[in-house]
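Examining the three-dimensional arrangement
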Amino acid sequence: MTNFATTLDLPTTNAGPRTTTLVRSGLNDDTQYNAVIPPLHLSATYRFPSFGTKGQYDYARSGNPTRDALIEMLVGLESGTHGVATCSGMAAIHLLFQTLKPNDLVLASSDLYGGTHRLLERLGQDSRLRVLYIDTTDSTKTAAAIEEHQPQLVYVETPSNPLLKITDIQAVAEHCNKAKSLLAVDNTFLSPSGQQPLLLGADVVLHSTTKYINGHSDVIGGAVVCKDAGLGENLAWWANCLGLSASPFDAHQTMRGARTLFARSNVHAHNAMHLAHWLDDQSACSRVYYPGLPNHAGHDIAQAQQLHFGGILSVEFAPDVDIAGLTSRLRCFTLAESLGGVESLVAHPASMTHAAMDFEQHKQAGISDRLLRFSVGIEALDCLQADLQQALND
Ligand SMILES: *Cc1c(COP(=O)(O)O)cnc(C)c1O
C-alpha cells in the first residue's frame, strides 16, 4: 500500500475539549436513580403538580427531557445558544424557511441537496417566498448578488453534493452582515467535527443528523442551531406549532450515536484522504473530487475553514469503465443513497440522488453518468482499498 505519510497526518482539530464535552454531555443528570446515561422519557404527557400550575413539561410535542438533552448536546457541538431537534433534516430546513415571509428573498447555493432544491422550488412556485440561485463558491459574484438583492436569507451548503465544491463561509458572512441578511449553512456533509459555521460568522446551522451526527444509518433526524435568542424562540415556536420535533426515542438514539462523532470522523477522514490519493493515481479514474486533494478547486479554503476534509469523495471514471459492473463487484461499498454512517456506501448521483434533475441540469451541475459518490466508512482501510482494486481490475 502506498504510504501518503504527509497527507495522512490528521489536521489539528483542537478537538480535545469539544470531544470531552460531547462524550460527557448530559451524563449524571438523573437525580431519581443516578442513571449515568440520560434516561429515555417516552411519556406523551406530564402530570400537573396541582390545579392551575404546570411543571417543567406538560406535553411531549412541546417539550421532552430526552429531546432537550439532545438539543443541549447539538447546541454545544455547534457553539450556538439555541436549537431545535427535528424529525428529519428536511423538517429542520422547512422550519427555517417557515420563519420567512412571502416577499422575502432566499439567495441559495446553486449546488443544493436535492430535497432542499425541491422544497425551495415549490415554495417559490407557490409564492411562499422568492428564490434566487447563485454559485456561492464564487465569493465576488456572491458579494455582488448580496449587495444588489439584499436577501433576507443566504443559504449555503459546503462542501456541496456530489462535487464537494467549497464556499468561503467567512467571506459570505461578512457580506451578509453588511446587507443584514441571515446566513444559514447546511453542515451535514462535514458535521460539527469538521466545520463550525457559527464560529465563521454564520447565523444558523442546519443538519440532517441522519448522516454523521447519528452516524449509524438507523435514525432519520435533523437539527437547527442558531446564535440569536429571538430566532431560536421563533424556530421552537414553529416546531411545536407544526409538530416537527424529534421523537424521544430518535433523540435518545441520536445522542448515543453522536458521542463517538470525533472518533468516527477521524477514521472517516483518514480513510477518505488515503483512498482519494490512491484513486487519483488510477488510470480508470479521470477525476477525483475530494477537498483534501491539493488539486481540488476549493482546497485552500477547505484547508483554512475546515477541521478535516470529510469522508465523502466522488470519482469520475474513464469512458471505458463499466460503472454498473464496477458497483456490482464492490463488496465493502453498498450501493445505496445516504452517507455518513459507519459503513461504506457508493451512489450513482445521476440515477439515484440527483435523478429528479434532467440531462441538461446534470450537465450544468457537472454530474456525468460516469460519476460515483463514495461515503467512505470506518472499515479497515486496506479492505476498502483492496475492494476498489479488485472491482476496478475486473
Ligand atoms: C440528507 C440531507 C438532507 C436531508 O435530511 P433528511 O434527514 O434525509 O431529511 C439535507 N441536507 C443534506 C446536505 C443532506 O445530505
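Just so you know, these numbers come straight off a predicted model, no measurement behind them.

Take the sheet that holds strand β4 (residues 153-157) next. One open sheet accounts for 7 strands, arranged β1-β7-β6-β5-β4-β2-β3; its pairing is mixed. In this open sheet, the two edge strands, each paired with only one partner strand, are β1 (82-86) and β3 (130-134). The mean angle between the axes of side-by-side strands here comes to 20 degrees, regardless of whether they run parallel or antiparallel. When β4 meets strand β5 (residues 182-186), the two strands line up parallel, connected through 5 bridges. Looking across to β5, one finds that V154 is bridged to L183. Its contacts with the sheet place helix α4 (residues 89-98) against β1, β4, β5, β6 (204-208) and β7 (222-226), and it is angled at close to 155 degrees to β6. Docked against the sheet, helix α5 (residues 114-125) engages β2 (105-109), β3 and β4, running at close to 140 degrees with respect to β3.

Our next topic: the packing of helix α3 (residues 65-77) against helix α9 (residues 248-258). The geometry of α3 relative to α9 is characterised by a closest axis approach of 8 Å and an angle of 35 degrees between their N-to-C directions. Where α3 crosses over α9, the handedness of that crossing is left-handed. Every residue of α9 that contacts α3 at T66, R67, A69, L70 and M73 is listed here: P248, A251, H252, T254, M255 and A258.

One can describe the packing of α4 onto helix α8 (residues 229-242) by two numbers: an axis separation of 9 Å at closest approach and a directional angle of 115 degrees. Relative to α8, α4 is oriented so that their crossing is right-handed. For the pair α4 and α8, the contacting residues are H94, L95, L96 and Q98 in the first and L235, W238, A239 and L242 in the second. In terms of residue class, the contact of α4 with α8 is made up of 6 nonpolar, 2 polar and no charged.

This brings us to the sheet that holds strand β8 (residues 285-289). Spatially, the 5 strands line up as an open sheet ordered β8-β9-β12-β11-β10, and their pairing is mixed. Every interior strand has two partners, whereas the edge strands, β8 and β10 (334-335), have only one. Bridging between strand β9 (residues 312-317) and strand β12 (residues 371-375) involves 5 bridges; their strand directions are antiparallel. Counterpart to L313 in the pairing with β12 is F374. Sheet strands touched by helix α10 (residues 261-280): β8 and β9. Its angle to β9, the strand with the most contacts, is close to 15 degrees.

Turning our eyes to something else, we now look at the site of the ligand. The environment of the ligand is made up of 13 residues, and the closest members are M90, D186, S208, T210 and K211. D186 is positioned with one of its side-chain polar atoms (N or O) 2.7 Å from a nitrogen atom of the ligand. Within the side chain of K211, an N or O atom sits 2.7 Å from an oxygen atom of the ligand. The fraction of the free accessible surface of the ligand (380 Å²) that becomes covered by protein chains is 92%.

Another point: the pairing of β12. Of all 5 residues that make up β12, 5 are buried, and the element is covered over most of its length. Strand direction decides the pairing type here: strand β11 (residues 345-347) and β12, joined by 3 bridges, are antiparallel. If you follow V346 over to β12, its bridge partner there is F374.

About the cut-offs
- Residues numbered from 1 in each chain as written.
- Predicted model: local features only at pLDDT ≥ 70, side-chain atom pairs only at ≥ 80, totals over all residues.
- Heavy atoms only, no water.
- Pairing = 2+ DSSP bridges.
- Helix = DSSP H or I, 4+ residues; strand = E, 2+ residues; numbered from the N terminus.
- Axes fitted to C-alpha atoms, helices over the stretch in contact; angles between N-to-C directions.
- Contact = heavy atoms within 4.5 Å.
- Left-handed = near helix turned anticlockwise from the far one by under 90°.
- Nonpolar A, V, L, I, M, F, W, Y, C, P; charged D, E, K, R; others polar.
- Near = heavy atom within 4 Å.
- Polar contact = N/O pair within 3.5 Å; in protein donor to acceptor, adjacent residues only side chain to side chain.
- Areas by Shrake-Rupley, 256 points an atom, 1.4 Å probe, with all protein chains shown as cover.
- Buried < 20%, exposed > 50% of the residue type's maximum accessible area, 1.4 Å probe, protein only.

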